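# Structural overview
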Amino acid sequence: FPSHDRHRLSGDWGLNLQNLPRGGALRKALKAPPGHKVVTCDSSQIEARMVAWFCEQDNLVEQFAKGEDVYSSFASAVFGRPINKKEHPDERFIGKTAVLGLGYGMGWAKFQKTVQVQSKNQLGKEIVLSEVEARKIVNTYRDLYPNIPLMWNTLNGKLDALADRRTSEFLGPVTDTAAGVIYLTHEKITLPSQLSLHYHNLRQKVTPNGNEWVYDFGRTKEKKLFGGKVLENIIQALARIVVMNAALRLRKPLSVIGTGLAGQVHDELIYVTPDEHVEFVLQLVLREMCVRPRWGLSLPLGVS
């Protein structure tokens, strides 16, 4: 396949079906059987929406809740003029890349490279930002949404607590039980599903860059840990709970008409259904994907 259609392999060269980009050759090769259609639904921008909600960045939460074109709004702030999807595709693409990518502490150099690579893949041309431009965009994001970098700092400060055997505390937006969304104990972050993120042997290590937090991943790998990475782990775990809970709620009603979950690509659910039930399945999936969890009643979910 061309470079943009290559897919990561996992395990013993097993294909990872989480990597089937829309428009890719491999995705197009998957077909529904005769008399059936493929119905897909994506939880739109769920990580960016959840970052805004978890960090209590109310202005961004409100934009998502109102259905605004957040990418254009952010691009307008960067370029100092009104930006829209139809007339300014390049500027909006930069806004989109920023909103979707800067929530976990990405710096200007990585953002510069991300825009260059993704613009070539998605727009068919390279957008090359200067250092000054990339720095300005990153700083604009952090200035417009200050609670997000504040959460990185908060989580960075919680690493001492995560390494402490005596730790027991809640964190995140308050739920209807008057406790935070997640629960921190020794080397563990417990999610609303009661599943946990584990950071085995969390410790500080002296490196050329100073003291850094690291933990054991698998049998031999050592990974760095910092506030932005902790936020990324939390948000991706919460996003999976939302998406897969929708799939669980859909399982029984769809089984009655012979429709089951055929696949999942990141935040997208894929169903294969008989032709006569396509509209019913689509509307049911769209509805369930927008159901807010009881621990996130103000979370502005959307679908596409």
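Residues numbered from 1 in each chain as written. Predicted model: local features only at pLDDT ≥ 70, side-chain atom pairs only at ≥ 80, totals over all residues. Heavy atoms only, no water.

## Some words on the overall build of the chain
Counting its regular elements, the chain contains 11 helices and 12 strands. For the chain, whose C-alpha radius of gyration is 21 Å, the value lies close to the compact-globule estimate of 19 Å for 304 residues. Summarising its shape, the C-alpha atoms of the chain cover approximately 60 × 45 × 45 Å along the three principal directions. Within the span of the chain, comprising 304 residues, buried residues form 44% of the whole. The contacts of the chain with a sequence gap of at least 6 include a subset with a gap of at least 24, amounting to 53%. Counting only carbon and sulfur atoms, one obtains 52% of the accessible surface of the chain, whose full area is about 16700 Å². The centroid of the 39 positive side-chain charges in the chain is displaced by 4 Å from the centroid of its 31 negative side-chain charges. (Helix = DSSP H or I, 4+ residues; strand = E, 2+ residues; numbered from the N terminus. Rg over C-alpha atoms; globule rule 2.2 N^0.38 Å. Buried < 20%, exposed > 50% of the residue type's maximum accessible area, 1.4 Å probe, protein only. Contact = heavy atoms within 4.5 Å. Areas by Shrake-Rupley, 256 points an atom, 1.4 Å probe, with all protein chains shown as cover. Lys, Arg positive; Asp, Glu negative; His and termini not counted. Charge placed at Lys NZ, Arg CZ, Asp CG, Glu CD.)

## A look at the nonpolar core
Residues Met50, Phe54, Phe111 and Leu238 are the most contacted members of the largest nonpolar core, which totals 76 residues. Of all the elements, helix α10 (residues 227–255) adds the most residues to this core, at 15 residues. Discounting residues that sit within four places of it in the chain, Phe54 has contacts with Met151, Leu171, Gly172, Pro173, Val181, Ile182, Leu231, Ile234, Ile235 and Leu238. (Core = buried A, V, L, I, M, F, W, Y, C linked by side-chain atoms within 4.5 Å.)

## Quick notes on helix α11 (residues 278–289)
Spanning 12 residues, α11 covers 16 Å between terminal C-alpha atoms, matching the ideal 16 Å at 1.5 Å per step. Residues of α11 that are buried make contact with β3 (36–42), α10 and β12 (268–274). (Expected span 1.5 Å × (residues − 1).)

## What about the sheet that holds β12?
Sheets are built from strands that pair by backbone hydrogen bonding, the pairs being arranged parallel or antiparallel. Read across the open sheet, the 3 strands follow the order β3-β12-β11; overall the sheet is antiparallel. Edge positions in the sheet fall to β3 and β11 (260–265), since each of these pairs with one other strand and no more. Within this sheet the neighbouring strands show an average axis-to-axis angle of 25°, counted without direction. For β11 and β12, the ladder comprises 5 bridges, and the chain directions are antiparallel. Bridge pairing in β12 places Val265 opposite Glu268. Contacts between α10 and the sheet are confined to β11 and β12, with β12 contributing the most and set at about 15° to the helix. Contacts from α11 reach β3 and β12 within the one sheet, and its direction differs from that of β3 by about 15°. (Pairing = 2+ DSSP bridges. Axes fitted to C-alpha atoms, helices over the stretch in contact; angles between N-to-C directions.)

## With respect to the environment of Leu123
Note that Leu123 resides in helix α6 (residues 108–123). The spacing of Leu123 and Pro89 is 34 residues in sequence and 8.7 Å in space, taken between C-alpha atoms.

## Some points on the pairing of strand β8 (residues 200–207)
The pairing of β8 with strand β9 (residues 210–217) spans 6 bridges and is antiparallel. Bridge pairing in β9 links Val206 to Asn211. Between β8 and β9, which pair antiparallel and follow one another directly, the connecting turn spans 2 residues.

## Digging into helix α2 (residues 46–54)
For α2, a buried count of 8 out of 9 residues is recorded, marking the element as mostly surrounded by other parts of the structure. Restricting attention to buried positions, one finds in α2 the residues Ile46, Ala48, Arg49, Met50, Val51, Ala52, Trp53 and Phe54. For α2, the secondary structure elements touched by its buried residues are α3 (58–65), α5 (89–101), α8 (147–157), β4 (169–174), β5 (180–185) and α10.

## A few points about the packing of helix α4 (residues 70–79) against α5
Each pair of packed helices can be summarised by the angle the axes make with each other and by the distance between the axes. It is the contact of α4 with α5, at a shortest axis distance of 7 Å, that shows an interaxial angle of 105°. Comparing their axes, α5 and α4 come out roughly perpendicular. Contacts from Val70, Tyr71, Ser72, Phe74, Ala75 and Phe79 in α4 reach Glu91, Arg92, Ile94, Gly95, Lys96, Ala98, Val99 and Leu100 in α5. (Parallel < 35°, antiparallel > 145°, perpendicular 65-115°, else oblique.)

## Here we look at the confidence of the model for the chain
Chain-level statistics for the chain give a pLDDT mean of 89 and a share of 90% at 70 or above. The low-confidence segment residues 1–14, where pLDDT is below 50, has 18 contacts with residues more than four positions distant or belonging to other chains. (pLDDT = per-residue confidence, 0-100.)

## Here's the deal with the pairing of β9
The two faces of a sheet get side chains in turn, since along a regular strand they alternate between them. Sheet topology places β9 next to strand β10 (residues 221–225); 5 bridges connect them, and they run antiparallel. If you follow Phe217 over to β10, its bridge partner there is Lys221. The loop that links β9 with its antiparallel partner β10 comprises 3 residues; one of these, Gly218, has a positive phi angle of about 70°.

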